[in-house]
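What follows is the residue order along each chain.
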Amino acid sequence: VWHMETKDIFSLGLGLFGSTLSILTLYLTQFRRPKIKVRCGPNVHFWHAPPTMTGFYLPVIFQNRSPARGFIYEAFLVIKDPTGLHFALKWTKSVTIDKDMNYAETGPSKPFNIDGYVAQADVFMFEWYDIPNASITFGEGTYEVTLCVWTTDRQRPDVRIHEKFEITPSLRDIMREKDARAITPLGLSRCRATRCWRFRRASKRSTSLRCRAFRLG
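In every chain, residue numbers begin from 1 and rise along the written sequence. With pLDDT at 70 or above as the cut-off, local features in this predicted model cover only qualifying residues; side-chain atom pairs require 80 or more to be listed or tallied, and sums for whole chains, interfaces and linings still use all residues. Note: side-chain values were computed over all heavy atoms of the structure, leaving out hydrogens and water.

### Let's talk about the environment of threonine 152
Working step 1: Inspection of the secondary structure assignment puts threonine 152 in the loop between strand S10 (141–150) and strand S11 (159–167).
Working step 2: Classification of threonine 152 as buried rests on a relative accessible area of 18%.
Working step 3: Taking the C-alpha atoms as reference points, threonine 152 and proline 34, separated by 118 residues in sequence, lie 10.0 Å from one another.
Working step 4: Pairs of residues are marked as contacts when any of their non-hydrogen atoms sit within 4.5 Å. Not counting residues up to four positions away in its chain, the partners in contact with threonine 152 are Arg33, Tyr73 and Asp158. Helix and strand definitions here come from DSSP, where helices need a minimum of 4 consecutive H or I residues and strands a minimum of 2 consecutive E residues; each element is numbered from the N-terminal end. Any residue under 20% of the maximum accessible area for its type is buried, any over 50% is exposed, and the rest in between are partly exposed; the area is computed with a 1.4 Å probe on protein chains only.

Put into structure tokens, the structure is as follows:
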């Protein structure tokens with residue numbers, strides 16, 4: 001009859017513990033889906049280059065709350081104007097914005113990965129080119145903004161974030177005046193950077209983006 005000694009039991013238990021830990025680590029890092037949290041704002045910047053181009057700059061933070069590596073494949077920005085029209089703007093570039101509202105392109109849009117327990121900040125640029133019967137005019141009213149992000153290769157977006165901003169009558173008048181001064185006789189904008197408006201949330205608990213400051217030439 002074979003009797004296990006105390007050291008044999010200890011060695012067996014230590015081996016089982018090591019194997020279990022290895023399997024758990026493999027599952028958490030290789031097979032478990034990553035948990036990516038997406039936040040945007042608190043500012044949204046937009047500009048309009050007559051006659052047909054509109055761009056939005058949206059600061060975004062991605063936070064991977066799991067040990068597994070995650071990926072950002074694609075992003076769209078859906079704008080709903082006060083009349084109910086929807087505009088889907090494709091993510092085209094990444095930029096940086098300094099405190100003086102200067103913009104610098106960092107590269108074209110492309111998928112990227114986020115390591116486990118890592119947060120990454122970026123500013124996405126979304127573009128829209130007007131087509132017949134579908135143009136962004138920035139009239140008075142409330143605009144709904146939906147950021148759609150794909151973290152997998154699914155057909156539907158994995159993350160949706162809903163925000164709002166409002167254009168008041170006084171702001172609309174200022175924007176129209178600026179538009180009139182910024183258009184040359186050929187219908188081209190002289191300087192798009194001087195025609196950028198910035199919005200922010202009224203409070204941390206609010207999802208409404210209200211005008212705080214706008215840049216005039």
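### Quick look at the environment of valine 95
Working step 1: Inspection of the secondary structure puts valine 95 in strand S6 (residues 86–97).
Working step 2: Owing to a relative accessible area of 5%, valine 95 belongs among the buried residues under this scheme.
Working step 3: Taking the C-alpha atoms as reference points, valine 95 and serine 109, separated by 14 residues in sequence, lie 9.9 Å from one another.
Working step 4: If we ignore the near neighbours within four places in the chain, the residues touching valine 95 are Tyr57, Ala104, Glu105, Thr106, Asp122, Val123 and Met125.

### Brief notes about the nonpolar core
Working step 1: Ranked by size, the top nonpolar core spans 34 residues in total, and within it Val38, Phe56, Phe62, Leu77, Leu89, Phe126 and Leu147 carry the most contacts.
Working step 2: Sequence-distant contacts of leucine 89, defined by excluding residues within four places in its chain, comprise Phe56, Phe76, Leu77, Ile79, Phe126, Glu127, Trp128 and Ile136. Think of a nonpolar core as a cluster: buried Ala, Val, Leu, Ile, Met, Phe, Trp, Tyr and Cys residues, connected wherever their side-chain atoms sit within 4.5 Å.

### Concerning the pairing of strand S7 (residues 103–108)
Remark: a regular strand shows side chains that alternate across the two faces of the sheet.
Working step 1: Here the rule is simple: two strands pair whenever DSSP picks up at least two bridges between them. Across five bridges, the pairing between S6 and S7 is antiparallel. Residue pairing in the sheet places lysine 93 in a bridge with proline 108 of S7.
Working step 2: Between the end of S6 and the start of S7, which pair antiparallel, lie five residues, with methionine 101 showing a positive phi angle near 65°.

### Concerning the packing of aromatic side chains
Working step 1: Pairing of aromatic rings covers Phe, Tyr and the six-membered ring of Trp, with a centre-to-centre limit of 6.5 Å; geometry is then stacked below 30 degrees between planes, edge-to-face above 60, and tilted otherwise. For the structure shown, the criterion picks out 15 aromatic pairs.
Working step 2: Residues phenylalanine 76 and tryptophan 150 carry aromatic rings whose centres are separated by 6.1 Å and whose planes lie at 75° to one another, so their mutual orientation is edge-to-face. With phenylalanine 76 in strand S5 (residues 74–80) and tryptophan 150 in strand S10, this pair connects stretches of sequence that are 74 residues apart.
Working step 3: Three or more aromatic residues joined by ring pairs make a cluster, and in this case those are Phe46, Phe56, Phe138, Tyr143 and Phe165.

### Regarding the pattern of salt bridges
Any two side chains of opposite charge can pair if their charged atoms end up close together.
Working step 1: Salt bridge, as used here: a side-chain nitrogen of Lys or Arg that lies within 4 Å of a carboxyl oxygen of Asp or Glu. Applying the stated criterion to the full structure yields three salt bridges.
Working step 2: Among the salt bridges present, the one from arginine 69 reaches aspartate 115, with a minimum N-O distance of 3.1 Å. Placement of the pair is arginine 69 in the loop between strand S3 (53–64) and strand S4 (70–72) and aspartate 115 in the loop between strand S8 (112–114) and strand S9 (119–129), with a sequence separation of 46 residues.
Working step 3: Classification of aspartate 115 by relative accessible area gives partly exposed; the value is 37%.
Working step 4: Between arginine 154 and aspartate 158 there is a salt bridge; the shortest N-O distance is 3.2 Å.
Working step 5: Owing to a relative accessible area of 45%, arginine 154 belongs among the partly exposed residues under this scheme.

### Section: a negative patch on the surface
Working step 1: A contiguous patch of negative charge, built from Glu140, Glu166, Asp173 and Glu177, is present on the exposed surface.
Working step 2: As for its placement among the helices and strands, glutamate 177 is situated in helix H2 (residues 169–182). In this analysis, a patch consists of residues with relative accessible area above 30% that form no salt bridge, clustered at 9 Å for like charges and at 5 Å for the nonpolar side chains Val, Leu, Ile, Met, Phe, Trp and Tyr. Values of accessible area rely on a 1.4 Å probe in the Shrake-Rupley scheme; residue burial ignores everything except the protein chains shown. We score Asp and Glu as negative and Lys and Arg as positive, and we do not count His or the chain ends. Charge coordinates come from a single atom per side chain, which is NZ of Lys, CZ of Arg, CG of Asp or CD of Glu.

### Some words on the confidence of the model for the chain
Working step 1: The predictor attaches a confidence to each residue, and that confidence, scored 0 to 100, is pLDDT. On average, residues of the chain carry a pLDDT of 76, and 69% of them reach 70 or more.
Working step 2: Averaged over each element, pLDDT in the chain is lowest for strand S13 (residues 208–214) (36) and highest for S8 (95).
Working step 3: Taken as a whole, residues 183–195 scores under 50 in pLDDT and shows 30 contacts with residues more than four places along the chain or in a different chain.
Working step 4: Overall, residues 201–217 carries pLDDT values under 50, and its contacts beyond four positions in sequence, including any with other chains, amount to 50 contacts.

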